[in-house]
Amino acid sequence: MPAAHHVLREGGGGLVIAADFALAGRPAAGFAELVAGLSTAHTVWETSPLPGGPEAGAGGRDHVATWVEDVRADGRPVRAVLGFCSGSVYAGAMHREITRFQDPPALVLFDPDRSHRRMVVDYFVELARTRFSSLLTADEVEEAVRAGRAADLDAAGTSELADALGALCSRILPPACRRAGLTGRRSTELAEVLTSYLRWLAAAADFEVRPLWSSATAFNSATDGYGLDAFPAAERPGLVHRVVQCEAPYEDLLRAPDTARLVDELLPR
């Protein structure tokens, strides 16, 4: 079993690697739903957080090196690397590293987005006002938002910001979870997962996406402002090799039957 991936499908042939951070309760479909609709016989792995839990200061290259080590240890050829949203940054970086020791696999992205500092703090604020609202009072939610914005002003870099926001999660959420009746390990799990995600998102900002995506096929959803539509028009030419415009909205892109059919056509046999 790979140390830093979840196995979504065990098969013959080669490997297909999918880069994403699938949070429980996320409304958008994940790679598990895409894989359920594929007919490929290849084994499909999905990246998981770094083994041992979220590490303060772990950069994007640390994540990629850990995942690629799994791939090299397995020994099977990688036939394709997939990425969803900000996971597309990691998909491109893994594709570059894998190409150093084998023929280039296919690179397929879904609503690709780059990570940046504003995204990290905006995600924390959204969490506070939605997911935290079932655990915190209205005043506590607004206090968390103010603390998150203060952390953004104080942090020197994106990684330091993610660590500060993770520390806020670890301070605020366990007592709130205990008030809601969650005890023991369950009282800290939410804070740990969210801290890991914030660090994952921040570490993706280490990469410049243009050199990573030049060979990619990108599936763009029908939701305005997502995927390539989030990039200024002047930056879009040459950003990816090919764009497939889809009718499915962002949340359904990875569960739409048409997406699975088109991906099957792209995957090497």
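Just so it is clear, the structure is predicted and the values come from calculations on it, not from any experiment.

Enquirer: What should I look at first to understand helix H9 (residues 257-266) in this one?
Expert: If you check which residues of H9 are buried, you get Thr259, Ala260, Val263 and Asp264. Seen from one end, H9 has its buried residues packed into an arc of 135°, which puts them on one side. Looking at H9, the residues exposed on the side facing more than 90 degrees away from the buried face are Pro257 and Glu265. Here the buried face of H9 lies against helix H1 (31-36), strand E5 (106-110) and strand E6 (217-220).

Enquirer: How do you make sense of helix H3 (residues 87-98) when you look at a structure like this?
Expert: Because an α-helix completes one turn every 3.6 residues, residues spaced three or four positions apart along the sequence face the same direction. With 12 residues, H3 extends 16 Å between its outermost C-alpha atoms, agreeing within 8% with the 16 Å of an ideal straight helix rising 1.5 Å per residue. Taken across its 12 residues, H3 has 10 buried, putting it largely inside the fold. Among all positions of H3, only Gly87, Ser88, Val89, Tyr90, Ala91, Gly92, Ala93, Met94, His95 and Ile98 are buried.

Enquirer: Looking at this model, I keep getting lost on the packing of helix H6 (residues 158-179) against helix H7 (residues 186-203). Mind explaining?
Expert: Between two packed helices, what matters for the description is the angle formed by their axes and the separation of those axes. Relative orientation of the contacting elements H6 and H7 amounts to 165°, with a least axis distance of 8 Å. Taken together, the axis directions place H6 and H7 in an arrangement best described as roughly antiparallel. Pair H6 / H7 crosses with right-handed handedness. Between H6 and H7, the residues in contact are Thr158, Ser159, Ala162, Asp163, Leu165, Gly166, Cys169, Ser170, Leu173, Pro174, Cys177 and Arg178 and Ser187, Thr188, Leu190, Ala191, Leu194, Thr195, Leu198, Arg199 and Ala202, respectively. For the contact of H6 with H7, the class distribution of residues is 11 nonpolar, 7 polar and 3 charged.

Enquirer: Honestly, the nonpolar core in this entry has me stumped. Any pointers?
Expert: Generally speaking, soluble globular proteins have nonpolar side chains that are buried together. By size, the foremost hydrophobic cluster in this structure holds 66 residues, and its most contacted members are Tyr90, Phe132 and Trp213. Setting aside chain neighbours within four positions, we find Phe132 in contact with Phe124, Leu127, Val141, Cys169, Leu173 and Leu194. Ranked by size, the runner-up nonpolar core spans 24 residues in total, among them Phe31, Val35, Leu38 and Phe110.

Enquirer: Looking at this structure, I do not really get the pattern of salt bridges. What am I missing?
Expert: Opposite charge on two side chains makes pairing possible when the charged atoms of those side chains draw close. In this structure the tally under the stated criterion is 17 salt bridges. Here Glu142 makes a salt bridge to Arg129, at a shortest N to O gap of 3.2 Å. Highlighted residues: Glu142 in helix H5 (residues 138-154) and Arg129 in helix H4 (residues 117-129), separated in sequence by 13 residues. A relative accessible area of 31% places Glu142 in the partly exposed class. With relative accessibility at 44%, the residue Arg129 sits in the partly exposed group. Bridged by salt links that share partners, the residues Arg117, Arg118, Asp122 and Asp152 form one connected network.

The rules we used
- Residues numbered from 1 in each chain as written.
- Predicted model: local features only at pLDDT ≥ 70, side-chain atom pairs only at ≥ 80, totals over all residues.
- Heavy atoms only, no water.
- Buried < 20%, exposed > 50% of the residue type's maximum accessible area, 1.4 Å probe, protein only.
- Helix = DSSP H or I, 4+ residues; strand = E, 2+ residues; numbered from the N terminus.
- Arc of directions from axis to C-beta.
- Contact = heavy atoms within 4.5 Å.
- Expected span 1.5 Å × (residues − 1).
- Axes fitted to C-alpha atoms, helices over the stretch in contact; angles between N-to-C directions.
- Parallel < 35°, antiparallel > 145°, perpendicular 65-115°, else oblique.
- Left-handed = near helix turned anticlockwise from the far one by under 90°.
- Nonpolar A, V, L, I, M, F, W, Y, C, P; charged D, E, K, R; others polar.
- Core = buried A, V, L, I, M, F, W, Y, C linked by side-chain atoms within 4.5 Å.
- Salt bridge = Lys/Arg side-chain N within 4 Å of Asp/Glu carboxyl O.

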